[in-house]
Amino acid sequence: MKPNRFFNLSLTVLVLILSALTAFAQPGQMTQKERELADYIKGHYTKREVYIPMRDGVKLFTAIYEPKDTKHKYPIMFDRTCYSIAPYGPDKFKTLLGPDELFAREGYIFVYQDVRGRYMSEGEYEDVRPYIPNKTGKQIDETSDTYDTVDWLIKNVANNNGRVGVYGISYPGFYTSMAGIDSHPAVKAISPQAPVSDWFHGDDMHHNGALFLAQNFNFFAYFGQQRTTPTGTNDYVKPFPWGTPDGYKFYLQMGGLRNSGDLYEQKLRMRMKFWDQMMLHPNYDQFWKERNILPNLKNIRAAVMTVGGWYDDEDLFGALATYQSIERQNPGIYNVLVMGPWFHGGWARSDGEWLGTAYFGSKTGLYYREHFELPFFNHFLKDKGDIPEIKEVNVFDTGANVWRDVPNWSPTNSNDTAIYLQPGGKLSLVKPSPSRGAPYDEYVSDPMNPVPYTQKITLNYPRDFMTEDQRFAAARPDVLTYQTEPLTEDLTVAGNIKPELFISSSGTDSDFVVKLVDVFPDDYQYPETGNKLPNGDPERVRPPGDSAACVFKPGGYEMLLRGEPFPARFRNSFEKPVPLTPNTATKISFVMPGVVHTFKRGHRIMVQIQSTWFPLVARNPQKLMPNYKLGGNADFHKATERVYHSSANPSRIVLPVWKRLI
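As a starting point, this report considers the structure included with it. (Residues numbered from 1 in each chain as written. Predicted model: local features only at pLDDT ≥ 70, side-chain atom pairs only at ≥ 80, totals over all residues. Heavy atoms only, no water.)

Our next topic: the overall build of the chain. When helices and strands are tallied, the chain shows 14 helices and 28 strands. Compactness check: the chain gives a C-alpha radius of gyration of 25 Å against a globular reference of 26 Å for 662 residues, within 12% of the reference. Burial statistics for the chain: of 662 residues in total, 60% are counted as buried. Counted over contacts in the chain with a minimum sequence separation of 6, partners at least 24 positions apart contribute 78%. Accessible surface, the chain as shown: approximately 25700 Å² in total, 52% of it carbon and sulfur. Side chains of the chain carry 73 positive and 74 negative charges; the gap between the two charge centres is 2 Å. (Helix = DSSP H or I, 4+ residues; strand = E, 2+ residues; numbered from the N terminus. Rg over C-alpha atoms; globule rule 2.2 N^0.38 Å. Buried < 20%, exposed > 50% of the residue type's maximum accessible area, 1.4 Å probe, protein only. Contact = heavy atoms within 4.5 Å. Areas by Shrake-Rupley, 256 points an atom, 1.4 Å probe, with all protein chains shown as cover. Lys, Arg positive; Asp, Glu negative; His and termini not counted. Charge placed at Lys NZ, Arg CZ, Asp CG, Glu CD.)

What follows is the structure, given as structure tokens:
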């Protein structure tokens, strides 16, 4: 039986809404502050639109907003995007300029560009266009398009001070990373934010090679539709006829992945080029290696501030991996990381105080914009102000609700500490001892009745699912749950999570999903939070006339901190999958993206293990196939999964414990 779930907007709808709000917001739809900012922009900036030629003759459509005050010279803030630089027309203005609401009044030249092949730009679009080292002649990639554009801007935009900053979130974060490679000398600062980096191991498309189905099928349902000629509208995009708001139902009815591309054709009368390509590459082959930007993050001279959210369900991996790759491959440059308690882009689009049921004690998004983002660009592009507050690693502790920096927190201060799975659903620091009982726990994984990843009715993913209460999952017989006793002191985990499981399956392949959960005490309540509580909370309405501060009581809340699938076939190599030997204990080890979280005294640490997480993750047929993406319904098989907790096969989760007082 499926649990009750609640309605949530799909990503397609959300993207269209966000685009509309950003580009076409009318006065009646805006807050007073937004209206004042829009009026300020119209009153203090001019706008022009130009086509800028690239080295191969293709011209890219670019909008330039310049301050009317020409007595000063200004740096350029540059955003390249595949999502449209609307509104189009020299008399139609954006209502927000730059990365956030603070930049327009600060005084910059703002430049927006449709990337090659998208919207008004010429050329052919390619998803995560591969980087070409040592380009010659008319060879192009995203680095060369950025270089050529910056060169034109410096020479043709009046009153620029010769410095350029590049920024972008998600896909534009990928273009920002590319802007740093072999960059134009004028590019002095870049900020890749939730940047796409590696679509096989951890960003967007796949996690450890497991396809993230719902968000990507939904995304390509509109993004994969290609225009025939340059256009400033979305008129060419056909709406996908879902037929239901229930993604769990929709993707069950879709069947095996081999039906997915055909479904686009049936519903939209077109095929999605990248989707079809992706279906032919189930392993980490040359196709994916060429699209992995991380090994190419070299020869970067600009200052870098990479930004990400601990609860970013798209590109958390990208933020952490981009910072680490730049740090390793560009010694000596200014390179910092900022990670906060945010959903995808939440640092720019929210105040960052709540995410679903999770409360973070302050407006972390606003704090980031005021204390990190604007000071960073002002310092490197204007020589304005010192930035001692920005440390190399700036991370928000999502349990203690405080910012930690290098003097107070560093990965080198974390000690890998194993917590072992025990009989009876327990977790302990002690390795299991010999026991007369069963040396394992088991469950039957049925691909036709998969474990849902959320209680909400959604065609995609709710942005707060990464903090969602996991009690609904713990109640299922195909989810194993292990937890510690209540902690006697606070315990802070800071770094990557490393499951090391001994498993077996009656099949020849299965996914194993590991989730790390913070279990709140049954009588827990948040501190007084004023008038603001998470939407839908049953205690959020107070009696008329009651002026007391609201108190939210999430007693027993099982707060998801991190979840990650791992296909057992990739336990030795992502390039050459191997089958499981049925019913034989086998070790699988992998790395989950990091957390910085304090488990408070009285809380418990919980680990959940399951083999489906649907429809977020496409179902594993539970038998090894040459290409599971070409499998149909007949290829799905039930499997009995075992997770061992014996002295001979001690499954454990290795946590980087920074402060351990238990």
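There's plenty left to go through after this.
Here we come to the pattern of salt bridges. Evaluated as defined, the whole model comprises 35 salt bridges. Residue R129 pairs with E126 through a salt bridge whose shortest N-O separation is 3.7 Å. For R129, a relative accessible area of 9% translates into the label buried. A salt bridge links R271 to D276; its shortest N-O distance comes to 2.8 Å. The exposure class assigned to D276 is partly exposed, which follows from its relative accessible area of 22%. Connected through shared salt-bridge partners, R80, E126, R129, E142, E290 and R291 make up one network. (Salt bridge = Lys/Arg side-chain N within 4 Å of Asp/Glu carboxyl O.)

Counted residue by residue, helix 6 (residues 213-223) has eleven buried out of eleven residues, so it is predominantly covered. Every buried residue of helix 6 is listed here: L213, A214, Q215, N216, F217, N218, F219, F220, A221, Y222 and F223.

Peptide bonds are trans in most cases, and residues, glycine excluded, mostly fall at negative phi. The amide bond that connects A86 to the next residue, P87, takes the cis arrangement and shows omega of 5°. Structurally, P87 is set in the loop between strand 4 (74-81) and helix 3 (103-106). Across the junction of F614 and P615, the peptide omega takes the value -5°, indicating a cis bond. Phi is positive for V128, which is not a glycine, with a value near 35°. Within the element layout of this structure, V128 appears in the loop between strand 5 (109-114) and helix 4 (142-156). Even without being glycine, N134 reaches a positive phi, approximately 55°. Mapped onto the secondary structure, N134 falls in the loop between strand 5 and helix 4. By relative accessible area, N134 is classed as exposed at 71%.

Before going further, it helps to examine the sheet that holds strand 15 (residues 402-404). Here we have ten strands laid out as an open sheet, ordered 2-3-5-4-6-7-10-11-14-15, and mixed in their pairing. Across the chains shown, the open sheet's two edge strands, defined by having one partner strand only, are strand 2 (45-53) and strand 15. Averaged over all pairs of adjacent strands, the angle between strand axes in this sheet comes to 20°, irrespective of strand direction. As defined by bridge partners, strand 4 adjoins strand 5 across six bridges and the pair is classed as parallel. In the sheet register, F78 faces strand 5, and the bridge partner there is V111. This element, helix 5 (residues 171-180), spans strand 4, strand 6 (160-169) and strand 7 (187-193) of the sheet and lies at about 140° to strand 6. (Pairing = 2+ DSSP bridges. Axes fitted to C-alpha atoms, helices over the stretch in contact; angles between N-to-C directions.)

This part is about the side chain of N160. Examined against the element boundaries, N160 turns out to sit in strand 6. What makes N160 buried here is its relative accessible area of 10%. From its side chain, N160 meets the backbone oxygen of I154 in a polar contact 3.2 Å long. Within the structure, the side chain of N160 is placed 2.7 Å from the backbone oxygen of V157, a separation counted as a polar contact. Filtering out sequence-adjacent residues up to four positions away, N160 remains in contact with K73, Y74, I76, I109, L153 and I154. (Polar contact = N/O pair within 3.5 Å; in protein donor to acceptor, adjacent residues only side chain to side chain.)

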